[in-house]
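Structural overview
Now for the letters of each chain:
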Amino acid sequence: MKKIILTGDRPTGKLHVGHYAGSLKRRVELQNSGEYDEIYIMIADAQALTDNADNPEKVRQNIIEVALDYMSCGLDPEKSVLFIQSQIPELCELSFYYMNLVTVSRLQRNPTVKTEIKMRNFETSIPVGFFTYPISQAADITAFKATTVPVGEDQMPMVEQTREIVRKFNSVYGETLTDPDILLPSNKACLRLPGIDGKAKMSKSLGNCIYLSDSKDEIKKKIMSMYTDPDHVQVSDPGKIEGNTVFTYLDAFSNEEHFGRYLPDYANLDELKAHYQRGGLGDVKVKKFLLNVLLEELEPIQNKRKELEKDIPYIYEVLRNGSICARNKASETLDDVKKAMKINYFDDEELIKAQSEKYGSDK
Ligand code: TRP
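Treat the numbers as computed from the prediction; the structure is a model and nothing was measured. (Residues numbered from 1 in each chain as written. Predicted model: local features only at pLDDT ≥ 70, side-chain atom pairs only at ≥ 80, totals over all residues. Heavy atoms only, no water.)

1. Side note on helix H12 (residues 245–253)
For H12, a buried count of eight out of nine residues is recorded, marking the element as mostly surrounded by other parts of the structure. Three or more residues of H12 are buried, namely Thr245, Val246, Phe247, Thr248, Tyr249, Leu250, Ala252 and Phe253. On its buried side, H12 packs onto helix H1 (17–33), helix H10 (188–191), helix H13 (256–262), helix H14 (269–278) and helix H15 (283–309). (Buried < 20%, exposed > 50% of the residue type's maximum accessible area, 1.4 Å probe, protein only. Helix = DSSP H or I, 4+ residues; strand = E, 2+ residues; numbered from the N terminus. Contact = heavy atoms within 4.5 Å.)

Structure follows, in structure tokens:
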């Protein structure tokens, strides 16, 4: 069986280091591993519109931002198909048929949808399109016969729901769809990188993100203002590591070589943590180290972005070509689905023959 990746992001803002640690970095590694036969990376504009119906301009503006972020991180149109969801109408058709296989109460139980409904104050008036987006996400995944879906932890319920739809479809209509596996970050700190304020999730609406395209000064300002241990007042005080955002980021991004380059008094993160816990190590020193680590990681990405920004029409061309390629693939799957559901009337010679016999047509 072919190994196929499908994943994507909603274009509602620039991508931040949470996206990078949680999924983007891994995608690039998977792409370059050469282990996958096909890789599809989708800008999920149609999904973004499910809760931004009154703000299409925001979605439109952010398509190029996400595409630039993707390519500056190393997603390569020679190796991965980069495309825009709304350009693949087959996805809507698939969703429409999958809707028959999912109950309202099952959708209501989806934990990610539940949280999002609360966050958006949708409780009393949930747009139907938003409510059903897990079904459309199942269409995204199955249309490409994805075997692997590399995403952050918050997408787990979506992949679960997709698997249920796949099983239901296959049991009702016969083996047709591919059952996908989720691929979560292996580093625990990357699973859900907190915002700079220490809140559980980095999110644009909370204003606690470090964006991949932030300037050096912005990154410095954000790191210096980062939430640490509020009881660590004096340098000599013992400090806490748990829930200390600076250390969570170091867990996510630092390695021993960084210590050699920027903080040679310590061999590794364990030593630094031990000193912090003992007392005698100030936040500023740790923050400066994190700044160096993060700037080293982001600098090549930012340089690549500046290059890419010089030829925006090329980026749209990449997305156009990717969308054509993605559409071909999705349309093959839609054919399989229609055949399995026996709604492929005009290709079905058996059907036409049987109906002719029934009526004694002599043509
Ligand atoms: N829900 C994802 C997000 O919020 C975007 C997305 C849409 C997606 N379709 C997908 C992710 C299919 C993985 C697979 O960013």
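From this point, the discussion proceeds with the structure in view.
2. Let's talk about the site of the ligand
Of all residues adjacent to the ligand, which total 14 residues, the nearest are Arg10, Gln47, Gln137, Asp140 and Gln155. A distance of 3.2 Å is found between an oxygen atom of the ligand and a side-chain nitrogen or oxygen belonging to Arg10. Take Gln137: an N or O atom from its side chain is 3.1 Å from a nitrogen atom of the ligand. Out of a free accessible area of 370 Å², the ligand has 92% covered by protein chains. Spatially, the ligand is embedded in the largest pocket. When residues in the shell around the ligand are grouped by element, the largest group, four residues, is from strand E1 (residues 4–9). Along the lines of polarity and charge, the residues of the shell around the ligand split into six nonpolar, five polar and three charged. (Near = heavy atom within 4 Å. Polar contact = N/O pair within 3.5 Å; in protein donor to acceptor, adjacent residues only side chain to side chain. Areas by Shrake-Rupley, 256 points an atom, 1.4 Å probe, with all protein chains shown as cover. 1 Å grid on protein atoms, 1.4 Å probe; cavity = no way out; pocket = protein on both sides within 12 Å on 5 of 7 lines; lining within 4 Å. Sits in = over half its atoms within 2 Å of the grid points. Nonpolar A, V, L, I, M, F, W, Y, C, P; charged D, E, K, R; others polar.)

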